[in-house]
Amino acid sequence: MSSGPYRDERRARAGVAAWAIAIAYLLAARGVGNFFPLSAFGMYAGRSPDVASRVLVVGASGEAAEITAFDGFSCAPSWPKLDEVRHCAPGDQGHVEYVPRDLQVYLDAHVTSDAAGMEDAHIVWRTWTLEDRPGPPASQDCELASCRVRRRAP
Amino acid sequence: MSLVYRSPYDGHSRTPLRVGLAVIAGVVFLDAAFEVASMAKDPHFAPRAPGLLRFLPNTPALAWVLFGLVAVGLIFLAFDRFVITAGAWAIGWMAVLSQWRTELFGTPSRNCFFPGAMLFGWVLGLVWARVVAGRDALTPEGRPLRESLAEAGAMACIAAGYVGSALSKLFVSGFGWVNPSQIRWLVLSQEPLASFPWLLAYRRALIESPDLARLSAFATLVIEGGSFVLLFGARWRLAWTAAIWVLHLHILLLCTMPYLEPMSLLLLFAVPWPRLFRRPRIEDPLLARRPELGQPTMPDVIWILLCVMIVLAWIAPVGFRAG
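By the naming in an unreviewed UniProt entry, chain B goes by HTTM domain-containing protein and is assigned to Polyangium fumosum.

(A) Layout of the packing of helix 3 (residues 83–105) of chain B against helix 4 (residues 110–133) of chain B. Residue and element names in this part refer to chain B. In the contact formed by helix 3 and helix 4, the axes pass within 10 Å of each other and the chain directions differ by 150°. Taken together, the axes of helix 3 and helix 4 lie roughly antiparallel to each other. Regarding helix 3 and helix 4, the two cross each other, and that crossing is left-handed. Contacts between helix 3 and helix 4 involve V83, I84, G87, A88, A90, I91, M94 and S98 on the former and, on the latter, F113, L119, F120, V123, L126, V127 and R130. For the contact of helix 3 with helix 4, the per-class residue count stands at 12 nonpolar, 2 polar and 1 charged.

(B) Local environment of the state of the cysteines. Applying the stated criterion across every chain yields a total of 2 disulfides over all chains. There is a disulfide in this structure between C75 of chain A and C147 of chain A, and the S-S distance comes to 2.1 Å. With the S-S bond torsion at 105°, the cross-link from C75 of chain A to C147 of chain A turns out right-handed. In this pair, C75 of chain A is assigned in strand 5 (residues 70–76) and C147 of chain A in strand 7 (residues 138–151), connecting sequence segments 72 residues apart. With its bonded cysteines labelled in order along the sequence, chain A shows the pairing 1-4, 2-3. Considering cysteine sulfurs only, C112 of chain B is the nearest to C255 of chain B, which forms no disulfide, with 19 Å between them. Classification of C255 of chain B by relative accessible area gives buried; the value is 4%.

(C) View of the UniProt feature "transmembrane region" (unreviewed entry) in chain B. Residue and element names in this part refer to chain B. The UniProt feature table records "transmembrane region" (unreviewed entry) at residues 20–40, 52–76, 82–100, 112–132, 152–171, 212–232, 239–260 and 301–320. End-to-end, the C-alpha atoms of residues 52–76 are 27 Å apart, and along that stretch the chain is 68% helix and 0% strand. Secondary structure over residues 112–132 splits into 100% helix and 0% strand, and the C-alpha atoms at its two ends are 31 Å apart.

(D) Examining the packing of aromatic side chains more closely. Tallied over the entire structure, the rule returns 17 aromatic pairs over all chains. Taken together, a centroid distance of 6.3 Å and an interplanar angle of 65° make the contact between Y44 of chain A and W185 of chain B edge-to-face. Of this pair, Y44 of chain A sits in the loop between strand 2 (38–39) and strand 3 (51–59) while W185 of chain B sits in helix 6 (residues 182–190), each in a different chain. Here the two residues Y44 of chain A and W185 of chain B agree in accessibility, since each one is buried. In this structure, R101 of chain B packs its charged tip against the face of F105 of chain B, placed 4.5 Å from the ring centre. Sitting above the plane of the W177 of chain B ring, K169 of chain B keeps its charged end 5.2 Å from the centroid.

(E) Focus on unusual backbone geometry. Between F36 of chain A and the following residue, P37 of chain A, the backbone shows a cis peptide bond with an omega angle of 5°. For P37 of chain A, the location among the structural elements is in the loop between strand 1 (34–35) and strand 2. For the bond running from A76 of chain A to P77 of chain A, omega is 0°, close enough to zero to count as cis. By the secondary structure assignment, P77 of chain A is in the loop between strand 5 and helix 2 (98–109). We note that D80 of chain B has phi near 60°; this positive angle belongs to a residue other than glycine. In this structure, D80 of chain B sits in the loop between helix 2 (60–78) and helix 3. Exposure remark for D80 of chain B: the relative accessible area of 9% places this residue in the buried category. Even without being glycine, R278 of chain B reaches a positive phi, approximately 50°. Checked against the element boundaries, R278 of chain B lands in the loop between helix 11 (273–276) and helix 12 (285–289).

Rules behind the numbers
Residues numbered from 1 in each chain as written. Chains lettered and ligands numbered in written order. Predicted model: local features only at pLDDT ≥ 70, side-chain atom pairs only at ≥ 80, totals over all residues. Heavy atoms only, no water. Axes fitted to C-alpha atoms, helices over the stretch in contact; angles between N-to-C directions. Helix = DSSP H or I, 4+ residues; strand = E, 2+ residues; numbered from the N terminus. Parallel < 35°, antiparallel > 145°, perpendicular 65-115°, else oblique. Left-handed = near helix turned anticlockwise from the far one by under 90°. Contact = heavy atoms within 4.5 Å. Nonpolar A, V, L, I, M, F, W, Y, C, P; charged D, E, K, R; others polar. Disulfide = S-S within 2.5 Å. Buried < 20%, exposed > 50% of the residue type's maximum accessible area, 1.4 Å probe, protein only. UniProt positions renumbered as here; feature names shortened; annotations may be inferred. Phe/Tyr/Trp six-rings, centres within 6.5 Å; stacked < 30°, edge-to-face > 60°. Lys NZ or Arg CZ within 6 Å of the ring centre and 35° of its normal.

Here it is as structure tokens:
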């Protein structure tokens, strides 16, 4: 077994290495931003907008659900574009860029002409206004497509 | 403040750390290769500003070739063979795969950066040992010394990653990042609904309470910014690992953003597994034979190496700077 003083010395050297490498990584990452394996891990560092937006499906009863809760879509327009929201107020503000894109991938893979077991629904761009008060934030929906959808089997 | 780095692996073999790091990095990059191969054949992910892809064919097969090259390096590292070269080799090919993914997806995968940063720190620690102890560092006799420095380097990089994340928020938004909208915006724009009633109630509680949202943002900054205590000592490291776990579980439940990579890596490095499993203690014959190796100094070569890395990082025209 290593004797005490030797172990303490090694710990001291490891301590110098740890702090020197940590400071160097921090400084280098601040410089390059993100270049593997250096990262400033700056995701979501910007101040958020006061509105949040998300694509959802709203059924005939008015209940909202995720697009991924359905596995069949027959819509007008036939291939809805989830990022075409210029007609919606306040435009495309408040969303995370990759979220509608990932939902678009899912939607495009599940467009079908098989109408069996489908129900009426709307694909909407829902926007919440975030205020500094307790309670549910106010929201408004902007229709992107009118569809018949088939709920995914549980 | 003492610079002494205490580890639950002091006096024990660090083979579980080396193998665990290689396995976790391998699994993460297997997933990355799968993702890149899928995106390469999907027109939804056409690169908007190709850099690397001006030189590489955007074909799924290449992602698997790159993963194979990464795996070779990680296997050599796990078996403790040609460790510095193997680690650098793996990091190099990981960088190519990571850059390709960034060009296809639009943003870098930070999930890949956590094992990458720790592997980078591990290799820097090995280089440090090589500089200090010469060829002796790379012999079986030098394993305890070189892997104690490698562990310190790996922990240094993940600690720097978390502190860097807090600093990024403060540099971009200042203390204004702690506001009632920040976390509510993240939840609503990512996952406003939930399949389980308890999860929906949890998300709603935060969405409907600006004070809770403000407190969550504040706690995020404190936990990330305070992560330098991961370098203080074994008990601090364990306590802060628990805090980081709470943060990641919170993010997972609220936004469905799993950061399983740093969670598993911190679990591996911070929990006193050798004591829990009563592992036998080992000698450090190299330090016993050459006690001068314990001197807590920084060799000139390391100074130069780290300074060159910092300067290159600031002047090189690479890197993704958006959030």
